[in-house]
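# Secondary and tertiary structure notes
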Amino acid sequence: MNFSEVFKLSSLLCKFSPDGRYLASCVQYRLIVRDVNNLQILQLYTCLDQIQYIEWSSDSLFILCAMYKRGIVQVWSLEQPDWHCKIDEGSAGLVASCWSPDGRHILNTTEFYLRITVWSLCTKSVSYIKYPKACQHGIAFTKDGRYMALAERRDCKDFISLFVCSDWQLLRHFDTETQDLSGIEWAPNGCVLAVWDTCLEYKILLYSLDGRLLSTYSAYEWSLGIKSVAWSPSSQFLAIGSYDEKVRILNHVTWKKITEFEHPATIANPKIIVYKEMEKSPRVETESLAFPPARAQASALFSTQSKYDISQVPVSLQYIKPVADRANPRIGIGMLAFSPDNCFLATKNDNIPNAIWIWDVQKLKLFVVLEQLYAVQLFQWDPRQPRLAICTGNSKVYLWSPAGCVSVQVPMEGDFQVLSLCWHSSGDSMALLTKDNFCMCYLEREEVK
Amino acid sequence: MGDWKTITVPALSSASKIPYQNTSEKKMSPSSLNMQQVLRSPLPLSKSMHSFFSAFCTEENVEQSISYLNRELTTLGFPSLYSECKDKELNVVSVLNCMNELLVLQRKNLRAQEEVEIQHLKLGSDMDHLQNCYAKVKEQLETSRREIVGLQERDRQQQCKNRNLHQLLKNEKDEVQKLQNIIASRATQYNHDMKRKEREYNKLKERLHQLVMNKKDKKIAMDVLNYVGRVDGKRGAWRTGKTEARNEEEMYKVLLGGYEQRQKQLLVENAELKKVLQQMKKEMISLLPPQKQKPKERAEDGIGPVLSDMEEDAVELNKENMWELSCETVREQLTNSIRKQWRMLKNHVEKLDNQVSRAHSGALNGSDVISREDHELETEKLELEIQQCKEMIKTQQQLLQQLMSPCDDDTSMLLQDCYLLEERERLQEEWKLFREQKKNFERERRSFTEAAIRLGLERKAFEEDRGAWLKQQFLSMTSDHKNSEHVKSQSAYSGSSDPDNQLMNFRSRQKKPHCLPSVPPSEELCQTIQHIPHNSNLSVVLNKTTEDSKPKQWKGLNKAETE
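Residues numbered from 1 in each chain as written. Chains lettered and ligands numbered in written order. Predicted model: local features only at pLDDT ≥ 70, side-chain atom pairs only at ≥ 80, totals over all residues. Heavy atoms only, no water.

### What to know about the packing of helix H5 (residues 241-287) of chain B against helix H8 (residues 328-361) of chain B
In a packed pair of helices, the relevant descriptors are the angle between the two axes and the axis-to-axis distance. Residue and element names in this part refer to chain B. At a closest axis distance of 10 Å, the pairing of H5 and H8 adopts a crossing angle of 30°. The two elements H5 and H8 cross, and the hand of that crossing is left-handed. Residues Lys274, Leu277, Gln278, Lys281, Met284, Ile285 and Leu287 of H5 form the contact with H8, whose participating residues are Leu334, Ser337, Ile338, Gln341, Trp342 and Leu345. (Axes fitted to C-alpha atoms, helices over the stretch in contact; angles between N-to-C directions. Helix = DSSP H or I, 4+ residues; strand = E, 2+ residues; numbered from the N terminus. Left-handed = near helix turned anticlockwise from the far one by under 90°. Contact = heavy atoms within 4.5 Å.)

Here is the structure:
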């Protein structure tokens, strides 16, 4: 594993281009585009205000930079650095901004979710979509980029509008039987749309592409419901994580639950491997210490090494019961992700924030539990193979694959608290992001023994 | 018998036949008083009896006592003591009879008394026993009563508890129900409130929207340097009905594609499952013994001829790749046939189990059941055979391996070395010889070449010499003085010896041929020069004739030749 040097970053805005050749990062109001292999600065753009959001277009030719405070979106071109484009929403304000799948339209969500403005970079046309739903995942594009599903709310009822992305024609418009729609997501095959309700009610609805309701699923009533949803890459399974610390898997043939995954605090099954991160303080050889101590040595002295040990079953994990009278409690399954080859499902139970549970999808059983020393911030699967990268807010990055797991210390001077990471599309490298910096980590082909 | 004590002795002797009632206390005779006294006294009874006997009747009151006795006896029903004809005359016979009667009566009474006493004793003991039993039973009753009271008390307490628990449960259920109702009502309230707030919010949004739109804010604009081309390079198209229809079509195509794919997968799965079922069915059929009860079973099935028809159809369908069809009847037929086979297999297995259990118990039934010992013997034999076969196979494998891959086995290599060692050594020796011969040949070749070179040189020299000699001869023939110097100058090249000597030597040597070819002496000198033999004579000549320019070589050659 090789680590690059540290570069400045702000707001954790660091993204790889879809074709994998460039890396865009933000420092305050500047956008820096680097080459992925040698991290040389290729382009440097200056925006009008502090950038809050960046996104690459699908063909990797343009980058949009959104500044919500000023209500401005600036678009930069990689081919022609002189080209500029500024979209000003003015008094309408800006809350969110994203590209359309063809890379030529920008969808801006104005303040108060008043409307969504579709700006075209090709023509002079502007379209408005009224009454969008004020929720986090209100817009969903199919994987092939042909259709867009938009959640709307009119007269205290939820609706879904399906648009054809090529000409923005409204294909279907139907209402959903939800109380307060909280999210929508397309299946990877683009034929089924999952719509789920607010956390006050456990209900998930499945609609076909032409707007017919295929099925409804509700596991229980009254208690807090769905927290996270994930489709498997083959569209065969739909994993629903809920506040009752369970993940339920629905199958695509009957849309009925085929199994439930529980996340208890004690693991007793001897067939499950439990990796526990243990600290091991480095041995200090007093003879070789120089005075004054070299910087590298000093940081090495203070940074603790860690390694994974296999714990003997039964294992009891650290369970946290949060205060019950607050809204959005930190309980339940907060993170769900399928591996790209559809073999594993990684979940995190917010009641046990230090552990990651990896389930074998073929056998529908728990496979591995990783117990970290600190709370897991983020985990992400390698886009090509079943390899999971985890960061827990300390200066280490953890990798798991079916062959084993490894804990790698990021060899940087001073504090390097990894808060987030993102994989390169080839799976050969990843970017580790901290609050103020980022670095690239290059993985060798035969990594993680 | 208290009469003895209360015997009434008539105080008045006159009224003799008046029956008196036994008012014993009034009419106590003095003798009875005496008797009582006698009885109370501590004197032994026998003596008292005598005195008692004499106390009743003395000589003075004989008549009185007789009349008293008579009265008593008549009242008791005995005949009178007096005779009938005369009064106051004792009828001895009747007296004796009365006495006898009295004795008999006395004996009877005694016996009765004894019996009564025995019975009395018995009754007394029975009474004691019963009293004991009664006491015990009473105790038991007491204790059981106490127990009952205790149990009742406990039962009561438990009932109380039960009731309390029921009450609690009911309370809890009520509370749950209440809470649920509360939640439901709160939910409706909340929804209602939410809707109200949302409507208000929508109104605000509308208002805001109007404001925003009305202002026609110049600021809301896009400022772009130049418009970018579309991804696919084409120009944008107008949105018409045709495009709408096309979009719909596209959407349906996508959906249908997804469905078709899924259907394909399901078909494949179905086909595989059907194949597996077919295989299972065949294997089950093969497992079962040949069916003798087929017609019976058909009748039992009840479907009878229909089933047979269906089976025939199925057989036909089988031949036509039935598993590719997916209609209802085919599926049902397959599952039914598998169930039937499974049932038959189960029955068969159960039968076998029964047979085995029966064989265990020792009873041998019919020819189907093989006796256990025979079975065991057979299995042993078979196992032995298997073992032998395995060993044979192992040995054969080993041999094969040895044959196929000799280099793998060290011992085989050694063996081969043993076998080939001799050959190898022989070969080596031959090689040595060969090499030696090669060397020799090389040497000889070299020597030949050298000799050829030398020969050439020698020939040249010889020619020169010859020429010179001839010249000399010729000249000497004509004039000796003129050519002598010339010849000497020429022969200086060839060494110290004069041509005469040379030629003479040559000739002399020529006359001693070691390996000279048979050259007729008649040939001329030129011929002899041409056929100069390669021998040591020549080398001597060469040594003398040619310059000693390569001594080493010659030495080597000499050496080689001498070897």
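Back to the text.
### Description of a positive patch on the surface
All names here are of chain B. A cluster of basic side chains, namely Lys432, Arg435, Lys438 and Lys439, defines a positive patch on the protein surface. Checked against the element boundaries, Arg435 lands in helix H10 (residues 410-478). With relative accessibility at 47%, the residue Arg435 sits in the partly exposed group. (Patch = residues over 30% accessible without salt bridge, like charges linked within 9 Å, V, L, I, M, F, W, Y side chains within 5 Å. Areas by Shrake-Rupley, 256 points an atom, 1.4 Å probe, with all protein chains shown as cover. Salt bridge = Lys/Arg side-chain N within 4 Å of Asp/Glu carboxyl O. Lys, Arg positive; Asp, Glu negative; His and termini not counted. Charge placed at Lys NZ, Arg CZ, Asp CG, Glu CD. Buried < 20%, exposed > 50% of the residue type's maximum accessible area, 1.4 Å probe, protein only.)

### Quick word on the sheet that holds strand E20 (residues 192-197) of chain A
All names here are of chain A. If you trace the four strands from one edge of the open sheet to the other, you get E19-E20-E21-E22, paired in antiparallel fashion. Edge strands, defined here as strands with exactly one partner in the open sheet, are strand E19 (181-186) and strand E22 (213-217). Sheet twist, expressed as the mean angle between neighbouring strand axes with direction ignored, is 20°. (Pairing = 2+ DSSP bridges.)

### Description of the side chain of Asn351 of chain A
All names here are of chain A. Position of Asn351 relative to the elements: it lies in the loop between strand E32 (344-349) and strand E33 (355-360). Within the structure, the side chain of Asn351 is placed 3.4 Å from the side chain of Tyr319, a separation counted as a polar contact. Discounting residues that sit within four places of it in the chain, Asn351 has contacts with Glu245, Gln318, Tyr319, Ile320, Lys321, Pro322, Arg330, Ile331 and Gly332. (Polar contact = N/O pair within 3.5 Å; in protein donor to acceptor, adjacent residues only side chain to side chain.)

### Quick notes on the interface of chain B and chain A
Across the contact, 42 residues belong to chain B and 52 residues belong to chain A. Counting the surface lost from both chain B and chain A, the interface buries some 4400 Å², and carbon and sulfur atoms represent 57% of this. When the area that chain B buries against chain A is broken down by residue, the three leading residues are Met222, Val228 and Met251 of chain B, summing to 13%. If you look at where chain B meets chain A, you find three salt bridges. Across the pair Glu250 of chain B and Arg146 of chain A runs a salt bridge whose closest N-O atoms are separated by 2.6 Å. Our enumeration of links across chain B and chain A arrives at eleven residue pairs in polar contact (both at pLDDT 80 or more). Those elements that place two or more of their residues in the side of chain B that touches chain A are helix H4 (92-215), strand E1 (221-224) and H5 of chain B. The greatest single-element share of the side of chain B that touches chain A, amounting to 15 residues, is contributed by H4 of chain B. (Buried area = accessible area lost by both parts, 1.4 Å probe.)

### Let's talk about the nonpolar core
Residue and element names in this part refer to chain A. By size, the foremost hydrophobic cluster in this structure holds 37 residues, and its most contacted members are Ile160, Ile184, Ile204, Leu238 and Ile240. The leading source of residues in this core is E20, at five residues. Among residues more than four places away in sequence, those in contact with Leu238 are Ala194, Ile204, Leu206, Val229, Ala230, Trp231, Arg248, Ile249 and Leu250. Counting residues in hydrophobic clusters, the runner-up holds 22 residues, among them Ile249, Ile352, Trp357 and Val361. (Core = buried A, V, L, I, M, F, W, Y, C linked by side-chain atoms within 4.5 Å.)

### With respect to unusual backbone geometry
Residues and elements named next belong to chain A. Non-glycine residue Asp155 carries a positive phi angle of around 50°. Along the chain, Asp155 turns up in the loop between strand E16 (147-154) and strand E17 (157-164). Positioned with a positive phi, Cys156 is a non-glycine residue whose angle comes to about 60°. Along the chain, Cys156 turns up in the loop between E16 and E17. The class for Cys156 is buried, based on a relative accessible area of 6%.

### Describing helix H3 (residues 62-76) of chain B
Residues spaced three or four apart along an α-helix point in a common direction, a consequence of the helix completing one turn every 3.6 residues. All names here are of chain B. Here H3 is 15 residues long and its end C-alpha atoms lie 20 Å apart, about the 21 Å a rise of 1.5 Å per residue gives. Those residues of H3 that fall on the buried side of the exposure criterion are Ser65, Ile66, Ser67, Tyr68, Asn70, Arg71 and Leu73. After H3 finishes, the residue Gly77 shows a positive phi value of roughly 100°. (Expected span 1.5 Å × (residues − 1).)

### A word on the sheet that holds strand E5 (residues 30-35) of chain A
All names here are of chain A. Here four strands make up an open sheet; going across it, the order is E3-E4-E5-E6 and the pairing antiparallel. Because the sheet does not close on itself, it has two edges, and the strands there are strand E3 (14-16) and strand E6 (41-46). Across the sheet, the axes of successive neighbouring strands diverge by a mean angle of 15°, strand direction being ignored. Pairing geometry for E3 and strand E4 (residues 22-27), over three bridges, is antiparallel.

### Regarding the packing of aromatic side chains
All names here are of chain A. All told, the structure shown has 18 aromatic pairs over all chains when counted by the stated rule. Relative to Trp255, the ring of Trp231 has its centre 6.0 Å away and its plane inclined at 90°; by these criteria the two rings are edge-to-face. Taken as a pair, Trp231 in strand E23 (residues 226-231) and Trp255 in the loop between strand E25 (246-251) and strand E26 (257-262) lie far apart in primary sequence, 24 residues in all. Among the residues examined, Trp231 registers a relative accessible area of 8% and is labelled buried. With a centroid separation of 6.2 Å and 75° between ring planes, the pair formed by Trp381 and Trp400 is classed as edge-to-face. Linking Trp381 in strand E35 (residues 378-381) with Trp400 in strand E37 (residues 396-401), this pair joins segments that are 19 residues apart in sequence. Neither Trp381 nor Trp400 differs from the other in exposure class; each is buried. Chaining the aromatic ring pairs together yields one cluster made of Phe344, Phe367, Trp381 and Trp400. One residue, Arg34, lies across the ring of Phe7, its end atom 4.0 Å from the ring centre. (Phe/Tyr/Trp six-rings, centres within 6.5 Å; stacked < 30°, edge-to-face > 60°. Lys NZ or Arg CZ within 6 Å of the ring centre and 35° of its normal.)

### Some details on the pattern of salt bridges
Residue and element names in this part refer to chain A. Under the counting rule described, the total for this entry stands at 27 salt bridges over all chains. With a shortest N-O distance of 3.3 Å, Asp19 and Arg21 are connected by a salt bridge. Ionic contacts of the salt-bridge type, sharing partners, join the residues Asp244, Lys246, Arg248, Lys257, Glu260 and Glu262 into one network.

### Here's the deal with the confidence of the model for chain B
All names here are of chain B. The predicted model of chain B averages 72 in pLDDT, with 62% of residues at 70 or higher. Contacts of residues 1-8 to residues separated by more than four positions or lying in other chains number 16 contacts, the stretch itself having pLDDT below 50. Scored below 50 in pLDDT, residues 487-563 shows 66 contacts in the model against residues more than four places distant or in partner chains. (pLDDT = per-residue confidence, 0-100.)

### Remarks on a nonpolar patch on the surface
Taken together, the side chains of Val126 and Tyr128 of chain A together with Met213 of chain B define a hydrophobic patch exposed on the protein surface, amounting to about 250 Å² of accessible area. One can find Met213 of chain B in helix H4.

### A short note on the environment of Asn189 of chain A
All names here are of chain A. Secondary-structure assignment places Asn189 in the loop between E19 and E20. Expressed as a C-alpha distance, the spacing of Asn189 and Gln236, which sit 47 residues apart in the sequence, is 9.5 Å. There is a polar contact of 3.0 Å between the side chain of Asn189 and the backbone nitrogen of Cys191.

### Observations regarding H8 of chain B
The end-to-end C-alpha separation of H8 of chain B is 49 Å, in line with the 50 Å expected for 34 residues at 1.5 Å each. Those residues of H8 of chain B not exposed but buried are Val330, Gln333, Leu334, Ser337, Ile338, Lys340, Gln341, Met344, Leu345 and His348 of chain B.

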